[in-house]
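Report on the structure
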Amino acid sequence: MGNIKFVKENQEIVAADGANLRLKAVENGIDIYTFISKITNCGGAGQCTTCVVQITEGIENLSPRTDLENRKFKNKPDNYRLACQTLVNGPVSVITKP
């Protein structure tokens, strides 16, 4: 098990190993989408690429980046992830809407 700390929201939640970061955020009322994306997001299918988060601690406790993430973030730091494509396997700190 690992805790997910949402830095901007000053909220920490507990997640079982293998939990999906986007689902845990949504289940706990954490808003990960910008204004227009709240309406137009794909619901976690990895198609819209609007659930971008920045990992500040614990990146080693996450699943590897997917091919989609590698394409989307080729000019971004390695700590940018799509929440819907990220599985949590230990403690992490996350910045929403970086």
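Residues numbered from 1 in each chain as written. Predicted model: local features only at pLDDT ≥ 70, side-chain atom pairs only at ≥ 80, totals over all residues. Heavy atoms only, no water.

Worth spelling out the cut-off: UniProt positions are given in the numbering used here, feature names are shortened, and annotations may be inferred rather than shown by experiment.
By the naming in an unreviewed UniProt entry, the protein chain goes by Iron ABC transporter substrate-binding protein and is assigned to Aphanizomenon flos-aquae LD13. In its Sequence similarities (unreviewed entry) section, the UniProt record describing the protein chain reads: "Belongs to the adrenodoxin/putidaredoxin family." The record held by UniProt for the protein chain lists under Cofactor (unreviewed entry) the comment "[2Fe-2S] cluster".

1. Digging into the overall build of the protein chain
Selection rule: Segments assigned H or I by DSSP are reported as helices when at least four residues long, segments assigned E as strands when at least two residues long, and all are numbered from the N terminus. Both definitions apply: the radius of gyration is a C-alpha atom measure, and the globule rule equals 2.2 Å times residues to the power 0.38. In this scheme, a residue with accessible area under 20% of its type's maximum is buried, one over 50% is exposed, and one in between is partly exposed, where area comes from a 1.4 Å probe on protein chains only. Contacts are assigned to residue pairs that have any heavy atoms within 4.5 Å of one another. All accessibility values rest on the Shrake-Rupley procedure with a 1.4 Å probe; residue burial counts only the protein chains present in the view. When charges are counted, Lys and Arg are positive and Asp and Glu negative, with His and the chain ends excluded. To locate a charge, take NZ of a lysine, CZ of an arginine, CG of an aspartate or CD of a glutamate.
In terms of regular secondary structure, the protein chain is built from three helices and seven strands. Walking the protein chain from its N terminus toward its C terminus, one meets helices and strands in the order β-β-β-α-α-β-α-β-β-β. Taken over the C-alpha trace, the protein chain has a radius of gyration of 12 Å; the compact-globule value for 98 residues is 13 Å, and the two agree within 12%. Seen through its C-alpha atoms, the protein chain measures out along the principal axes to roughly 30 × 25 × 20 Å. By the burial criterion, 43% of the 98 residues in the protein chain qualify as buried. Contacts in the protein chain between residues far apart in sequence, at least 24 positions, make up 58% of those at least 6 positions apart. If you sum the accessible surface of the protein chain, you get close to 5300 Å²; carbon and sulfur atoms cover 49% of it. In the protein chain, which carries 12 positive and 10 negative side-chain charges, the distance between the mean positions of the two groups comes to 9 Å.

2. Regarding the packing of aromatic side chains
Applicable threshold: The aromatic pairing rule takes the rings of Phe, Tyr and Trp, using the six-membered ring of Trp, and pairs them if the centres are within 6.5 Å, calling planes under 30 degrees apart stacked, those over 60 edge-to-face and the rest tilted.
Inspection of the entire model under this criterion finds one aromatic pair. Look at Phe 73 and Tyr 80: their rings are 6.2 Å apart centre to centre, the planes differ by 65 degrees, and that puts the pair in the edge-to-face class. Per residue, the accessibility class of Phe 73 equals that of Tyr 80, and both read buried.

3. Describing the sheet that holds strand S4 (residues 52–57)
Where we set the bar: Here, strands pair whenever DSSP counts at least two bridges between them. Only the contacting stretch of a helix is used when fitting its axis, a line to C-alpha atoms as for every element, and angles between N-to-C directions run 0 to 180 degrees.
Within the open sheet, the five strands sit side by side as S2-S1-S7-S4-S5. Their pairing is mixed. At either end of the open sheet lies a strand with only one pairing partner, and these are strand S2 (11–15) and strand S5 (80–82). The mean inter-strand angle of the sheet, taken between neighbouring strand axes irrespective of direction, is 35 degrees. Sheet topology places S4 next to strand S7 (residues 92–96); four bridges connect them, and they run antiparallel.

4. A short note on the nonpolar core
Worth spelling out the cut-off: Residues belong to a common nonpolar core when they are buried Ala, Val, Leu, Ile, Met, Phe, Trp, Tyr or Cys residues joined through side-chain atoms within 4.5 Å.
One finds Ile 4, Phe 6, Leu 21, Ile 32, Cys 51 and Val 94 to be the most contacted residues of the largest nonpolar core, which totals 23 residues. If you list the elements that add at least two residues to this core, you get strand S1 (2–6), S2, helix H1 (21–27), S4, S5 and S7. Examining the composition of this core, we find that three residues originate from one element, S4, more than from any other. Those residues in contact with Ile 4 that sit more than four places away from it in its chain are Gln 11, Glu 12, Ile 13, Ala 15, Leu 21, Lys 24, Val 88, Val 92 and Val 94.

5. So, the pattern of salt bridges
Which entries qualify depends on this criterion: Salt bridge, as used here: a side-chain nitrogen of Lys or Arg that lies within 4 Å of a carboxyl oxygen of Asp or Glu.
Scanning the entire structure with this criterion turns up three salt bridges. Linking Lys 97 and Asp 31 is a salt bridge whose minimum nitrogen-to-oxygen distance equals 3.5 Å. Here Lys 97 is found in the segment after S7, whereas its partner Asp 31 is found in the loop between H1 and helix H2 (37–40), with 66 residues between them in sequence. Relative accessible area serves as the criterion here: at 32%, Lys 97 is assigned to the partly exposed category. Across the pair Glu 69 and Arg 81 runs a salt bridge whose closest N-O atoms are separated by 2.7 Å.

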